[in-house]
Amino acid sequence: MVYNDFNGIKLSALGMGTMRLPVVNGNDAVIDEETSLRMFDYAYEHGVNYFDTAWGYHAGNSELVTGKALKRYPRDSFYLATKFPGYDVTNFPKAEEIFEKQLEKCQVDHFDFYLLHNVCEANIEYYLDPKYGIYDYFTEQKKNGRIRHLGFSAHAIYDNIVRFLEVYGDDMEFGQLQLNWLDWSFQDGERKYNLLKERNIPVVVMEPLRGGKLCNLKPEYEAKLKAVHPDWNQVEWAFRFLQRLSAVSVTLSGMSDEKQMMENIDIYEKHEPLSDADMKVLDEIVEDMKKEKSLPCTSCHYCTSHCPAELDIPYLISLYNEAIMTGKGGFIAPMALGVLDDSKKPGACLHCESCEAVCPQQIKISDMMTEFAKMTS
């Protein structure tokens, strides 16, 4: 197993995520404990020492199974991470109650890593508002030794991550970002990564395979990859990409069966990052994927000055592109739309086509608004 330094401790470069544990009869709330415990054992025995769970995973049962699994190992032989469920704003007044319950569920007296979870457009005002006491409470738990390292995770746009770090950045010891070779450009991942790197905040990676999308590529894309590295599969390309990033401490993989776990651990037996030539191949594939599915908006904002409804058209197009690229089950676009006033959502488009008259990319914006409104209604 490859290990990376984090403030003087060695973390396994591959971490075990527990959002996609094996389940019974397709029911996400019913974890297959027998298989899951074997997976924990395999990971632990093969050098994985970072285990990541969360309050909401598997309808609240991930923390229970994670606690049961890790209880069998010496407490000083692994690092456990969980998160405050800020994705649900009704949880903000309940931080203490939730934290105490998490310790109980995980059967520990402290968390090695604790995250302010899913900083995003839907909750950033709650995180930044001192009346909820989130910062005060969790920094106090750190002083008390019940949190060893405090950090955050984010699906927010770049500007809101900046806002968050301007307030709390000096106290954030690590940041968890959605990073992979597609989102490096598509979701502004490179800028987000560099923002943390410039602040000397180590990065934990989530969604390295974009929920499996990057290991189910079209045959023509797979052929391009095989032509360069015949012995690599698509999973290995994804992980080798992340090994290029020096600020990444841990890459989380939500492995849902034993075969996936064995394969991923085998990849992390060595550090073999992609070369610049490899990256050119991936860049070509990314551009093809974006042309195939996404609208070519350049955020010139000519459209916004001609919109009588005063819609933020480039932002809505970016959310549309995210929804189209992710497909069924994507949550980022609906989450971001959920905080907008109805008068600023796609359904508020007047279909006057004034925006289209000035769009340099000749995007059929009104058609996009109609389709997006139907997708998210």
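Our structure is the block above this text.
Now for a quick tour of the structure. This one's a predicted model, so the numbers in the text were calculated from it and none came from an experiment.

Rules used in this analysis
The numbering scheme is per chain: residues are counted from 1 as the chain's sequence reads. Given that the model is predicted, a residue must reach a pLDDT of at least 70 before its local features are reported, and side-chain atom pairs must reach 80 or more before they are shown or counted; all residues, however, enter totals for whole chains, interfaces and linings. Just so you know, side-chain values use all the structure's heavy atoms and leave hydrogens and water out. Any residue under 20% of the maximum accessible area for its type is buried, any over 50% is exposed, and the rest in between are partly exposed; the area is computed with a 1.4 Å probe on protein chains only. Starting at the N terminus, helices and strands are each numbered in turn, a helix being any DSSP run of H or I of at least four residues and a strand any DSSP run of E of at least two. In this context, the arc is that of the directions from the helix axis out to the C-beta atoms. Strand pairing is assigned whenever DSSP identifies at least 2 bridges connecting the two strands. Think of a nonpolar core as a cluster: buried Ala, Val, Leu, Ile, Met, Phe, Trp, Tyr and Cys residues, connected wherever their side-chain atoms sit within 4.5 Å. In what follows, a contact means two residues having at least one pair of non-hydrogen atoms within 4.5 Å. N or O atoms within 3.5 Å of each other form a polar contact, as long as, within protein, one can give a hydrogen and the other can take it, and as long as residues adjacent in sequence are counted only when both atoms are side-chain atoms. Note on method: axes are straight lines fitted to C-alpha atoms, helices fitted across the in-contact stretch only, with angles between N-to-C directions ranging 0 to 180 degrees. In this analysis a 1.4 Å probe is tested at points of a 1 Å grid over the protein atoms alone, and where it fits but cannot get out there is a cavity; an open set with protein on both sides within 12 Å along at least five of seven lines is a pocket; lining residues have an atom within 4 Å of a point. Grid points are joined across faces, edges and corners, and a volume is the space filled by probe spheres set on the points. Three classes are used: nonpolar for Ala, Val, Leu, Ile, Met, Phe, Trp, Tyr, Cys and Pro, charged for Asp, Glu, Lys and Arg, and polar for all others, with Gly counted as polar.

1. Brief notes about helix 16 (residues 365-375)
1) Next: Taken residue by residue, helix 16 has Ile365, Ser366, Met368, Met369 and Phe372 as its buried positions. Down the axis of helix 16, the smallest arc covering the buried residues is 155°, so these residues share one side. When the buried face of helix 16 is taken as reference, the exposed residues oriented beyond 90 degrees from it are Asp367 and Lys374.

2. Section: the pairing of strand 12 (residues 248-253)
1) Next: With six of six residues buried, strand 12 lies mostly within the body of the structure.
2) Next: Bridge analysis of strand 11 (residues 203-206) against strand 12 gives three bridges, and the strand direction is parallel. Following the sheet pairing, Val203 is matched in strand 12 by Val248.

3. Quick look at the nonpolar core
Grouped burial of nonpolar side chains is what soluble globular proteins tend to show.
1) Next: The biggest cluster of nonpolar side chains holds 88 residues, and the ones touching the most others in it are Met16, Phe138, Phe152, Phe164 and Trp181.
2) Next: With residues up to four places along the chain from it excluded, the contact list for Phe152 reads Leu115, Leu116, Val119, Ile161, Phe164, Leu165, Met172, Phe174, Gly175, Gln176 and Leu196.
3) Next: Within the second largest apolar cluster, 23 residues are counted, among which are Ile313, Tyr315, Ala336 and Cys359.

4. Side note on the side chain of Glu63
1) Next: In this fold, Glu63 is placed in helix 2 (residues 62-70).
2) Next: With relative accessibility at 0%, the residue Glu63 sits in the buried group.
3) Next: A polar contact of 2.7 Å, which involves the side chain of Glu63, links it to the side chain of Thr82.
4) Next: Here Lys105 takes part through its side chain, which lies 3.1 Å from a polar atom of the side chain of Glu63.
5) Next: When sequence neighbours within four positions are dropped, the list of residues in contact with Glu63 reads Thr53, Ala54, Trp55, Thr82, Gln102, Lys105 and Cys106.

5. Points about the sheet that holds strand 10 (residues 175-178)
1) Next: Reading around the circumference, 3-6-7-8-9-10-11-12 is the order of the eight strands in this closed barrel, with parallel pairing throughout. Along the sheet, successive strands turn relative to each other by an average axial angle of 30°, direction set aside.
2) Next: The sheet contact formed by strand 10 and strand 11 spans four bridges and is parallel. The partner of Leu177 across the bridge, within strand 11, is Val205.

6. Focus: empty space enclosed by the protein
1) Next: Per the counting criterion, the structure on display carries two cavities of 30 Å³ or more.
2) Next: In this structure, the largest cavity occupies an estimated 100 Å³ of space.
3) Next: Taken together, 15 residues form the lining of the largest cavity, with Cys307, Cys349, Leu350, Cys352 and Cys355 sitting closest to its centre.
4) Next: Those elements that place two or more of their residues in the lining of the largest cavity are helix 15 (354-358) and helix 16.
5) Next: In terms of residue count, helix 16 provides more of the lining of the largest cavity than any other element does, three residues in total.
6) Next: Each residue belonging to the lining of the largest cavity can be placed in one class, and the counts come to 11 nonpolar, three polar and one charged.

These values are about where atoms sit, not about what they do.
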